[in-house]
Amino acid sequence: VLWSPPCPSTPAVVSPTLATNAWQFMTGPNPVAVTARFSILLVGVAIGTALGVGFLTGSHTALVSLALGSVLILYAVVGLLSSRLHVPAHAERWMSPVIGVATGIVNGPTGVSVMPLVPYLTSLGLQREALIQAMGLVFGIAMLSLAVCLAWTGHFKLASAGASTLALLPVFAGMYAGQ
């Protein structure tokens, strides 16, 4: 999907994205512990998104499609590599804010928050449920940050997000069935 900035589909995906990620986060084993562990990363995502959204709404719009494609290709390449990264516990303290800001900077112009977040989270050796819960939390905050930044710049209209609320019915039915 190639987007022409500002991304017209962003308002339509805000409600379903927030709802599904909130579901993943809240049904995990320990929301309080996950939030506490990744709070600095979340702040970084919000700051990075605020820095990156200028590319989506500014004069650098020709680079947005290139950036999106590059991020998705990089994510695919990282996923295909057989080696897994491992971040030691002592490095998490300084890496979390760096990864958070980098994820936000990618999220701002592209609306995609998987890079470098997902490889980083998987490198921490989290249990499956905690990993899904952490991804739900960070993806939700990334989308919320993007929506707030786009609203702040006048590129997000709440009315265009309303229709996507109807999509929540089949989304929740699918998530319920999947569990």
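Look a little higher up for the structure.
Given the structure is predicted, the values throughout are model-derived calculations rather than measurements.

**Student:** How should I be thinking about the overall build of the protein in this particular structure?
**Tutor:** Scanning the protein for helices and strands turns up nine helices and zero strands. From first element to last, N terminus to C terminus, the protein shows the α and β order α-α-α-α-α-α-α-α-α. Relative to its 179 residues, the protein shows a buried fraction of 41%. Of all intrachain contacts in the protein linking residues separated by at least 6 positions in sequence, the fraction that spans at least 24 positions is 83%. When the accessible surface of the protein is split by element, carbon and sulfur atoms take 73% of a total near 9500 Å².

**Student:** Is there a simple way to think about a nonpolar patch on the surface in this case?
**Tutor:** Taken together, the side chains of V43, I47, L51 and I105 present a nonpolar region at the surface, about 350 Å² in accessible area. Looking at the nonpolar patch, the element that brings in the most residues is helix α3 (residues 39-57), giving three residues. As for its position among the elements, I105 is in helix α5 (residues 89-110). Relative accessible area serves as the criterion here: at 37%, I105 is assigned to the partly exposed category.

**Student:** Is there a simple way to think about the nonpolar core in this case?
**Tutor:** It is characteristic of soluble globular proteins that their nonpolar side chains tend to be buried jointly. Core analysis: the largest hydrophobic core is formed by 30 residues, its most contacted members being F38, L41, Y120, L121, L124 and L126. Those elements giving two or more residues to this core turn out to be α3, α4 (62-80), α5, α6 (117-123) and α7 (128-152). Broken down by element, the residue count for this core peaks at eight residues, all from α7. Non-local contacts of L126, meaning those with residues more than four positions away in its chain, are made with R37, F38, L121, L131 and A134. V14, V53, A147 and C149 belong to the second-largest nonpolar core, a separate cluster that totals eight residues.

**Student:** Can you help me understand α5 in this one?
**Tutor:** Since the α-helix packs 3.6 residues into each turn, any two residues three or four apart lie on the same face. Taking 1.5 Å per residue, 22 residues should reach 32 Å; α5 reaches 30 Å between its end C-alpha atoms and fits that length. Just downstream of α5, G111 is the residue with a positive phi angle, here 75 degrees.

**Student:** Would you take a moment to explain the pattern of salt bridges for this structure?
**Tutor:** Oppositely charged side chains can form a pair if their charged atoms are brought close together. Applying the stated criterion across every chain yields a total of one salt bridge. Between R37 and E92 there is a salt bridge; the shortest N-O distance is 2.8 Å. You can see R37 sitting in helix α2 (residues 31-37) and its partner E92 sitting in helix α5, a full 55 residues away along the chain. For E92, a relative accessible area of 11% gives the class buried.

**Student:** Would you explain the environment of N107 in this entry?
**Tutor:** Here N107 shows up in helix α5. Given a relative accessible area of 2%, N107 falls into the buried group. Discounting residues that sit within four places of it in the chain, N107 has contacts with T49, V112, S113, A142 and L146.

**Student:** How should I be thinking about the environment of G79 in this particular structure?
**Tutor:** On the secondary structure map, G79 appears in helix α4. Taking C-alpha positions, G79 is 8.2 Å from P119, a pair spaced 40 residues apart along the chain.

Quick notes on the rules
- Along each chain, residues carry numbers from 1 onward, in the same order as the chain's sequence is written.
- In keeping with the model being predicted, local features are shown solely for residues with a pLDDT of at least 70 and side-chain atom pairs are shown and tallied solely at 80 or more, while totals for entire chains, interfaces and linings include all residues.
- Side-chain numbers here rest on the full set of heavy atoms in the structure, without hydrogens or water.
- A run of H or I in DSSP becomes a helix once it reaches four residues, and a run of E becomes a strand once it reaches two; helices and strands are each numbered from the N terminus.
- Think of it in three bands: residues with accessible area under 20% of the maximum for their type are buried, residues over 50% are exposed, and the middle band is partly exposed, with areas taken using a 1.4 Å probe on protein chains only.
- Contacts: residue pairs with any heavy atoms within 4.5 Å of one another.
- Only the protein chains shown count as cover for residues, and all accessible areas are computed by the Shrake-Rupley method using a 1.4 Å probe.
- Think of a patch as exposed residues, more than 30% relative accessible area, with no salt bridge, where like charges cluster within 9 Å and nonpolar side chains (Val, Leu, Ile, Met, Phe, Trp, Tyr) cluster within 5 Å.
- The salt bridge definition used is simple: a Lys or Arg side-chain nitrogen within 4 Å of an Asp or Glu carboxyl oxygen.
- The criterion is simple. A nonpolar core is a set of buried Ala, Val, Leu, Ile, Met, Phe, Trp, Tyr and Cys residues joined through side-chain atoms within 4.5 Å.
- For a helix, the expected span equals 1.5 Å multiplied by the number of residues minus one.

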